[in-house]
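Notes for the structure review
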Amino acid sequence: MLKYAKGIFLYIRRMSKNILAMLGLLALGIFVHAQPAAIIPQPVSTQWHDGHFFIDAHTVIVADESEKPSVDFFNDYLQRFYGLRLHTGAAPTSNYILLKTQPTGQPTDGRYTLSVTPGVITITGDTHPGTFYGMQTLIQLLPVSPFESTSNGPAIRLSADGNLAIPAVSIEDYPRFAYRGLHLDVGRHFFPVDFVKRYIDYLALHKMNYFHWHLTEDQGWRIEIKKYPLLTEVGAWRSGTIIGHHPGTGDDSTRHGGYYTQDQIKEVVQYAAERYITIIPEIEMPGHATAALASYPYLGCTGGPYTIPHNFGVHKDVFCAGNDSVFTFLQDVLDEVMTLFPSKYIHIGGDECPKDSWKACPKCQSRIKTLGLKNEEELQSYFVQRIEKYLNSKGRQVIGWDEILEGGIAPNATIMSWRGEKGGIDAAKQHHNVIMTPGDHVYFDHAQTHNDDSLTIGGYLPLETVYSYEPVPKELSGDETKYVLGAQANIWTEYMANTRKVEYMIFPRLSALSEVLWSPKESHNYMDFQHRLATQYKRYALWKANSYQVYFKPTDSLVRQKIAQWQDSKFGLLMHWGTYSQWGVVESWSICPEDEGWEQRHGAYSANYFDYVQAYQKLQTTFNPVHFDPSKWAAAAKEAGMKYVVFTTKHHDGFCMFDTKQTDYKITSDQTPFHTNPKSNVAKEVFDAFRQNNFMIGAYFSKPDWHSTNYWWPYFPPKDRNVNYDPARYPQRWQAFKDYTYNQIQELMTGYGKMDLLWLDGGWVRPLSTVDPGIDWQRGIRYDQDVDMPKIAAMARNHQPGLIVVDRSVPGEYENYTTPEQSVPVHPMDDPWETCMTMGDSWSYVPHDHYKPTTQLIQLLVKIVSRGGNFLLNVGPSPEGDWDDTAYARLKEIGAWMKINGEGIYNSRPISPWSSGNVYLTQSKDSSNVYAFFLGEGKDVVLPAEVTINNFSARPQSHVTILGRKEKLKWRQEGKNMIISAPPNIHGDYAITFKISK
């Protein structure tokens, strides 16, 4: 009876904890996944309902001729990505989409309502743009799976009934700002018309309404002007471009250029108008004009000759402000520009205009004297105002960069504030309209990570910073805020020579900016946006748009805490072990029918693939690791200073090192000799032994399973590592595999004690939408292999709160950290990461393997930690169940070093400059101490008389010691470099660590 009462009490206590945990998850917004669709930008009001509307071949669009742009865009999108094209006509009794525009009298242009019921979808806009925006939201309600690859590119497969399910919803929506813009510089690098149209589509899909087209530059003139043909015959071409970052390491000597004919521009303008996007052309003046000067040298102060530059930056040759023929030229150019672009705004640049040539120019100095101007800044103001008066006389208005404020602002000019917000604030206080475009928040040519692996202009602009932007400065009063029309992101293309690089730089930051400019300020929530962004990435893939993959910071605070604990641990043990250890091959790769070096077959059965696989599978019947003693491994790893373990529960061959109930291909099967051993449930024994030594516990699990008949279906021969049938064509078989995978992971999460990491390998098992065609091994993934990671992760974390999920190489919410394999990043990475590497040459046991020397292993650990990573070191157990003696020796030597130097390893963070020669830096988590690891060439490290740390400044009160010694060392600061004086005859093993206490 007491036992029964105790059981009731424990049950109630568990239920209470579960309820509290669920409430906590709700508070954290974890259940945003329950939303039927992810809409970016977030609408003002969204109410989801039960039921769906099903779009099929019989669905009718009901709309009058005025809605043709919206109808055509929607139909083109359906046709391209879903293989459907809907008819327009009169409204039937149901199964139709109604588009209509009804003015409401509301001041905000672009309002719409969207209603989805099981019988009808109704979009009502207050203007035609509003109806178009409602249609864009409908596009985001379309399903984004199942993904498939077709001869025409990515597409979404229709359901078995041939329809698309749209969730029932009621939406009311309108934009926050009237100006929502994106810029493209085609002067530094030219891009074809097809890409410009695609770029405009990207704006439309994000409800942006202004495209700022930067058409002239020092490096190229891109618009045909019939009155001045040399502008494109000469000015559109340069004979080379610098290599590398300005000023360059050389020149490619390759002719680059191009221009848009007036017919092409008319085509693009019409294309944009059909998407309710206004194109603002920019003709740069008075600076950034070298291409024009090279074409017509009389336009410059010296008369030339001028050469179109190969490099970037600011160039001193500008339009001559004292020459009236320059204004005649510019007015002629603007006349032709205005016939092509109906926009009320014409952008005239006005930025970065050096005054050197004006100061030396007699004509410019004469103009200053005649007009009674004080200086060259006022001459620039004169220049801008004269052009503005001309444009105003033609019914147009000027936009310029914030430099046009210098010397006095033109009376009716609109300011683009790019050098921070000050220019915009000053202009708004003078009652001028302002478009905010500060470099620190919306310059998309800036890098998205601190150490971008591609060439960028510099700067650092991560996604979260874009999303955090507030375009209305707090310095403005209530009445002054009305002059802020909105904001714009800029794409300067000095280091973007191709369209994929441009896409990489705008996505996903454009999605963040669209929400900043459209959605109410009070609705902004980065964590919620991040959840919706996971679906948006699928849309990028559908559009075949390249994108930068951001790190998805977990929304669950327990997961974030666990990641922080894992990052502090720094050093872990990985073990690959299975039946394959008996043959000494590279894990189970030899049964994969590919022709890679690590997959080569050897031995008696190698001549025939099927004989080989049959013999391989029989290894189960001889696998008997009688020397298996996980407590011995745990003790050795602990002595080495390791803090976590990841053990292979199942490799790709499907052989399970745990007592799964899903298959008999396992260590505990009666077909395996070891099944009679009390420790036969190997994974459990390993986890328990390491857990007793306070290790974090991680389960390696292979998502592909080559033994499962629902992955490699015997009906077809396997062709490569991937599933050998089309899951979309055989959904029941794929569902059976998904259930199999789910059930096995659930077993690991429920019967093997407290788990900290779920380390998922086999990255080719992934949604097709996540495949990166730029990565060689991913190009072979033909089918959508989605195992439903949201469901798996939710289940796993329900059983193991705070679980770290590492879905290797599949970027998104379920790759909580990245895992560079057998490599160390050259620079620190912004987000959590771990190098996984073998101690020997092979991941699995190979007799007489070559083990890395201790010096190399310790130096790897230091380099990895100095760059902010963890080191997961692999040792492969033998078929008898033990490690090679060399592995134990290496770990013992590492442990001896860690006992002295571990203070600078554990709980550390990277610190600039990260390294200086053979010195590598870390800092304590609280930033109170810096650790400088001096690496030698071998085991015996001898300090020189002085150790210099370049580009590192210590505080004047800092004191320096060597870990393991007590005396304080002398040091001095020489400029940017710290120099430490070392006592004579200081020796150490592997690496010597200086502690610099702040």
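Note that residues are indexed from 1 along each chain, following the sequence as it is written. Local features in this predicted model are restricted to residues whose pLDDT is 70 or higher, and side-chain atom pairs enter the listing and the counts only when it is 80 or higher, whereas totals over whole chains, interfaces and linings include all residues. Side-chain numbers come from the whole structure's heavy atoms, not from hydrogens or water.

The name given to the chain in an unreviewed UniProt entry is Beta-N-acetylhexosaminidase, with the source organism recorded as Puia dinghuensis.

Helix and strand assignments come from DSSP, with helices taken as H or I runs of at least 4 residues and strands as E runs of at least 2, each series counted from the N terminus. Along the chain, the regular secondary structure elements total 25 helices and 39 strands. Throughout, radius of gyration means the C-alpha value; the globule benchmark is 2.2 Å times the number of residues raised to the power 0.38. Over its C-alpha trace the chain gives a radius of gyration of 33 Å, about what one expects of a compact globule, namely 30 Å for 998 residues. Oriented by its inertia axes, the alpha-carbon framework of the chain measures out at about 100 × 90 × 65 Å. The buried share of the chain, taken over its 998 residues, is 59%. We call two residues in contact whenever any of their non-hydrogen atoms come within 4.5 Å of each other. Expressed as a percentage of contacts within the chain between residues at least 6 apart in sequence, the contacts between residues at least 24 apart total 72%. Of the roughly 39,400 Å² of accessible surface on the chain, 51% is carried by carbon and sulfur atoms. Throughout this description, buried means an accessible area under 20% of the type-specific maximum (1.4 Å probe, protein chains only), exposed means over 50%, and partly exposed covers the range between. All accessible areas in this document rest on Shrake-Rupley with a 1.4 Å probe, and a residue is counted as covered only by the protein chains that are shown.

A barrel is described by the order of its strands in space; here eight strands give the closed sequence β10-β11-β18-β19-β20-β21-β22-β23, paired in parallel fashion. Going across the sheet, the axis of each strand differs from the next one's by a mean of 30°, ignoring polarity. When strand β22 (residues 434-436) meets strand β23 (residues 484-489), the two strands line up parallel, connected through three bridges. Of the residues in β23, the one forming a bridge with M436 is A487. Whether two strands pair comes down to DSSP finding at least two bridges between them. The axes are straight lines fitted to the C-alpha atoms, using for helices just the contacting stretch, and the angles between their N-to-C directions are given from 0 to 180°.

Taking 1.5 Å per residue as the helical rise, helix α3 (residues 128-141) with its 14 residues ought to reach 20 Å, and the 20 Å between its terminal C-alpha atoms agrees with that figure. Burial analysis of α3 places 13 of its 14 residues in the buried class, the great majority of the element. By this rule the span expected of a helix is its residue count minus one, scaled by 1.5 Å.

Take the environment of A534 next. Tracing the backbone through its elements, the reader meets A534 in helix α17 (residues 526-542). A534 gets classed as partly exposed once you look at its relative accessible area, which sits at 21%. For the pair A534 and L330, spaced 204 residues apart in sequence, the C-alpha to C-alpha distance is 47 Å. Residues within four places of A534 in sequence aside, it is in contact with F552 and E813.

Our next topic: the confidence of the model for the chain. The pLDDT averaged across the chain works out to 94; a share of 96% of its residues lies at or above 70. Residue-level confidence of the predictor, termed pLDDT, takes values from 0 up to 100. Of the regions scoring below 50 in pLDDT, residues 1-33 engages in 16 contacts with residues more than four places distant in sequence or in other chains.

Let us now look at the packing of aromatic side chains. Put simply, two rings from Phe, Tyr or Trp (the six-membered ring, in Trp's case) pair if the centres are within 6.5 Å, and we call them stacked under 30 degrees between planes, edge-to-face over 60, tilted for the rest. Applying the stated rule across the entire model yields 74 aromatic pairs. Judged by centre distance (6.1 Å) and plane angle (45°), the ring pair of F319 and F329 falls under tilted. With F319 in the loop between α7 (290-295) and α8 (324-340) and F329 in helix α8, this residue pair connects regions lying ten residues apart in the sequence. The two residues F319 and F329 agree in class, both being buried. Considering the side-chain rings of W589 and W706, the 5.6 Å spacing of their centres and the 70° angle between planes classify their relative orientation as edge-to-face.

Let us now look at the sheet that holds strand β27 (residues 757-761). Read across the open sheet, the seven strands follow the order β28-β27-β26-β25-β24-β30-β29; overall the sheet is parallel. With one partner strand each, in any of the chains shown, β28 (804-807) and β29 (834-838) form the two edges of the open sheet. For this sheet the average axis-to-axis angle between neighbouring strands, irrespective of direction, equals 20°. Bridging between strand β26 (residues 696-702) and β27 involves five bridges; their strand directions are parallel. Bridge assignment links F701 to a residue of β27, and that residue is L760. This element, helix α22 (residues 731-750), spans β25 (644-650), β26 and β27 of the sheet and lies at about 160° to β26.

Let us look at the environment of D726. As for its placement among the helices and strands, D726 is situated in the loop between β26 and α22. You can call D726 buried: its relative accessible area is 17%. Within 3.5 Å is the distance limit for a polar contact, defined as a pair of N or O atoms, with the added protein rule that one can donate a hydrogen and the other accept it, and that residues adjacent in sequence qualify only through two side-chain atoms. Looking at D726, its side chain comes within polar contact range of the main-chain nitrogen of A728, at 3.0 Å.

Here we come to the pairing of strand β8 (residues 153-156). Pairing of strand β7 (residues 147-150) with β8 involves four bridges; the strand directions are antiparallel. Directly across from E148, in β8, lies its bridge partner A155. In sequence, β7 turns back onto β8 through a hairpin of two residues.

Here helix α4 (residues 193-205) crosses helix α6 (residues 262-273) at 15°, and the two axes come no closer than 10 Å. As summarised for this structure, α4 and α6 are arranged roughly parallel, according to the angle between their axes. Once α4 is placed against α6, the crossing between them reads as right-handed. For the pair α4 and α6, the contacting residues are V193, V196, K197, I200 and D201 in the first and Q264, E267, V268, Y271 and A272 in the second. Angle categories: roughly parallel below 35 degrees, roughly antiparallel above 145, roughly perpendicular from 65 to 115, and oblique for all the rest. Should the near helix be turned anticlockwise from the far one by less than a right angle, the crossing is left-handed, and should it be turned clockwise, the crossing is right-handed.

Right, let's get into the pattern of salt bridges. Only one rule defines a salt bridge in this text: a Lys or Arg side-chain nitrogen within 4 Å of an Asp or Glu carboxyl oxygen. Taken as a whole and assessed by the stated rule, the structure comprises 46 salt bridges. Two residues, K474 and E475, come together in a salt bridge whose shortest N-O distance is 4.0 Å. Relative accessible area serves as the criterion here: at 77%, K474 is assigned to the exposed category. Connected through shared salt-bridge partners, D185, R188, E217 and E494 make up one network.

So, about the environment of P554. By the secondary structure assignment, P554 is in the loop between α17 and α18 (557-569). Overall, the relative accessible area of 9% leaves P554 in the buried class. With 248 residues separating them in the primary sequence, P554 and G802 have C-alpha atoms 9.9 Å apart. Non-local contacts of P554, meaning those with residues more than four positions away in its chain, are made with M527, V559, R560, I563 and N816.

Now for the side chain of S702. Within the secondary structure, S702 is located in strand β26. A distance of 2.7 Å separates a polar atom in the side chain of S702 from the backbone oxygen of P704. Apart from the residues within four sequence positions on either side, S702 is in contact with K650, H651, H652 and D761.

So, on to helix α20 (residues 630-640). Taken together, the buried positions of α20 are P630, W633, A634, A636, A637 and A640. Buried residues along α20 cover an arc of 165° about the axis, so they all sit on one side. Against the buried residues of α20 lie β24 (571-575), α21 (682-691) and α25 (885-901). Looking at the residues trailing α20, positive phi occurs at G641, about 95°. As used here, the arc is the angular range of directions from the helix axis to the C-beta atoms.

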